[in-house]
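Close look at the chain arrangement
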There are 2 protein chains.
Amino acid sequence: MADDALFEFLHMEMVAHIYKEQASQAEMEQERTTSISILEGMGFRVGQGLIERITKDTSGFKDDLDIMKFICKDFWISMFRKQIDNLRTNHQGTYVLQDNKFALLTQFSNGKQYMEDAPKYLAFSCGLVRGALCNLGLDSVVTAEVSTMPSCKFQVVIQKT
Amino acid sequence: MADDALFEFLHMEMVAHIYKEQASQAEMEQERTTSISILEGMGFRVGQGLIERITKDTSGFKDDLDIMKFICKDFWISMFRKQIDNLRTNHQGTYVLQDNKFALLTQFSNGKQYMEDAPKYLAFSCGLVRGALCNLGLDSVVTAEVSTMPSCKFQVVIQKT
């Protein structure tokens, strides 16, 4: 249990630090974008490292859907000890991954008041997914949205090249 | 396994980010001190959070040595999945905790060339210990040194008030 907490607390600290540092440097709107992209970038590199470890004994994937299923199950379990609760796709490169109890949001009380803070706690995780997919050969755009805490939806749009 | 990696990679990213950010702001020597104290401060707060969770079902401690043993065993296992290999004390408030295979140093090759980088990967952990001890009622100064990677010694000096 405390294992997870070590990561979760460090994540909290990191978010807080990056926001504080940016706030002292620039004005509000600019700051928000920069902090989110710093966190997303960190997630991207961590995602790349993690997926390399997890897939080292895995044989190839059949198709994009097969990769997404792997992300929802093995990758998610290795990070957050649970799998994605629901995966939907339009079969045209868009996937929606729903986690009904997302680890990095469980500390928030369920109400409207923290809703606008949610994006900063999701940027790192969006990066994790994008980094993992990138190493598996898929360019993507990953965004996240929260309607009710601590549930969360990640939208992945595969970029066809 | 990947669980640990999630924390370890995030830790790497954080160290890298904080050093980069400081480098763009100030000159070298100044920078080094600031980065280390930022990382130590993050560790301090994470340590406080973790110890609170781990000790919630623990009854009181007999004395300082009893607390240090708890740090070496339960606290260390919960963070790094192994206990401290050796604990020594002068019975006057100084403790030396030796970890023969410290998790955050295992990625370094064993040689002289990375030795000077070691402090920046130990600052967060020094903070972890100081934060934990602080919540258990002990003010301390915690420093770390490496003689051979990935082995590491933490020196804890309890501050009598």
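Residues numbered from 1 in each chain as written. Chains lettered and ligands numbered in written order. Predicted model: local features only at pLDDT ≥ 70, side-chain atom pairs only at ≥ 80, totals over all residues. Heavy atoms only, no water.

Convention followed: UniProt positions are given in the numbering used here, feature names are shortened, and annotations may be inferred rather than shown by experiment.
If you look chain A up in an unreviewed UniProt entry, it shows as Trafficking protein particle complex subunit 6B from Synaphobranchus kaupii. Listed in UniProt under the heading Function (unreviewed entry), the comment for chain A reads: "Component of a transport protein particle (TRAPP) complex that may function in specific stages of inter-organelle traffic. Specifically involved in the early development of neural circuitry, likely by controlling the frequency and amplitude of intracellular calcium transients implicated in the regulation of neuron differentiation and survival." In the Sequence similarities (unreviewed entry) part of its UniProt record, chain A is described as follows: "Belongs to the TRAPP small subunits family. BET3 subfamily."

Things to note about the relation of the copies chain B and chain A
Put simply, the rule reads: Copy-to-copy alignment: least squares on C-alpha atoms, limited to residues at pLDDT 70 or above in both. In what follows, residue pairs with any heavy atoms lying within 4.5 Å of each other are defined as contacts.
Expressed as a screw transformation, the operator carrying chain B onto chain A has a rotation angle of 180 degrees and an axial translation of 0.0 Å, and the superposed copies differ by an RMSD of 0.0 Å. Both copies are brought into coincidence by an operation consistent with a two-fold rotation axis. When each C-alpha of chain B is compared by its distance to the rotation axis, Phe7(B) comes out closest, at 2.5 Å. Taken as a fraction of all interface residues of chain B, those also at the interface in chain A reach 100%, which identifies the copy contact as same-surface.

Remarks on the pairing of strand β2 (residues 94-99) of chain A
Residues and elements named next belong to chain A. Operational definition: DSSP calls a pair of strands paired once it identifies at least 2 bridges connecting them. Secondary structure counts use DSSP, requiring at least four H or I residues in a row for a helix and at least two E residues in a row for a strand, with both numbered from the N terminus.
Where strand β1 (residues 86-89) and β2 come together, four bridges link them in antiparallel fashion. Across the sheet, Thr89 pairs through a bridge with Tyr95, a residue of β2. Between the antiparallel neighbours β1 and β2 lie four residues, among them His91 with a positive phi of about 60 degrees. Alignment of β2 against strand β4 (residues 152-158), held across six bridges, turns out to be antiparallel. In the sheet register, Gln98 faces β4, and the bridge partner there is Lys153.

Examining the pairing of strand β4 (residues 152-158) of chain B
Residues and elements named next belong to chain B. As a reminder, the rule being used: Only protein chains enter the accessibility calculation, which uses a 1.4 Å probe; a residue is then buried when its area is under 20% of its type maximum, exposed when over 50%, and partly exposed in between.
Taking every second residue as pointing to the same face, the buried face of β4 carries Cys152, Phe154, Val156 and Ile158, while none of Lys153, Gln155 and Val157 on the other face is buried. In this sheet, β4 lies alongside strand β3 (residues 140-145) in antiparallel orientation, the contact comprising six bridges. When the sheet's bridge partners are listed, Thr143 is paired in β4 with Gln155.

Some details on helix α3 (residues 64-80) of chain A
Residues and elements named next belong to chain A. This is how the line gets drawn: The span one expects for a helix is its residue count, reduced by one, times 1.5 Å. Two axes enter the definition of the bend at a residue: one is fitted to the seven residues ending there, the other to the seven starting there, and the bend is the angle between them.
With 17 residues, α3 should cover 24 Å at 1.5 Å per step; its first-to-last C-alpha distance of 22 Å lies within 8% of that length. Of all the bends found along α3, the most pronounced is centred on Ile71 and spans about 35 degrees. Of all the positions in α3, only Ile67, Met68, Phe70, Ile71, Cys72, Phe75, Trp76, Ser78, Met79 and Phe80 are classed as buried. Taken from the residues just after α3, Arg81 is the one with a positive phi, measuring 60 degrees.

A look at the packing of α3(A) against helix α4 (residues 118-135) of chain A
The relative placement of two packed helices comes down to the angle between their axes together with the axis-to-axis distance. Residue and element names in this part refer to chain A. Quick note on the threshold: Lines fitted to the C-alpha atoms define the axes, with helices restricted to the stretch that makes contact. Angles between their N-to-C directions range from 0 to 180 degrees. Our angle categories are set so that under 35 degrees counts as roughly parallel, over 145 as roughly antiparallel, 65 to 115 as roughly perpendicular, and the remainder as oblique. Left-handed describes a crossing whose near helix is turned anticlockwise from the far helix by less than a right angle; the clockwise case is right-handed.
Where α3 contacts α4, the two axes come as close as 11 Å, and the packing angle between them is 130 degrees. One way to sum up the angle between α3 and α4 is to call them oblique. Two packed elements cross with a definite hand, and for α3 against α4 that hand is right-handed. Residues Ile67, Met68, Ile71, Phe75, Trp76, Met79 and Phe80 of α3 form the contact with α4, whose participating residues are Ser125, Leu128, Val129, Ala132 and Leu133.

Regarding the packing of aromatic side chains
Condition: For this analysis, a ring pair means two rings from Phe, Tyr or Trp (six-membered ring only for Trp) whose centres lie within 6.5 Å, classed as stacked if their planes differ by under 30 degrees, edge-to-face if by over 60, and tilted for the remaining angles.
Applying the stated criterion across every chain yields a total of 14 aromatic pairs over all chains. Seen in terms of ring centroids, Phe102(A) and Phe154(A) are 5.4 Å apart; in terms of plane orientation they differ by 75 degrees. Their pairing is edge-to-face. Residue Phe102(A) is found in the loop between β2 and α4, and its partner Phe154(A) is found in strand β4; the two are separated by 52 residues along the sequence. Each of the two residues, Phe102(A) as well as Phe154(A), counts as buried. Aromatic pair Trp76(B) and Phe154(B): ring centres 5.4 Å apart, planes at 70 degrees, arrangement edge-to-face. Pair noted here: Trp76(B) is in helix α3 (residues 64-80) and Phe154(B) is in strand β4, with a separation of 78 residues, a long-range link. Here the two residues Trp76(B) and Phe154(B) agree in accessibility, since each one is buried. Members of the aromatic cluster, each reached through a chain of ring pairs, are Trp76(A), Phe80(A), Phe102(A) and Phe154(A).

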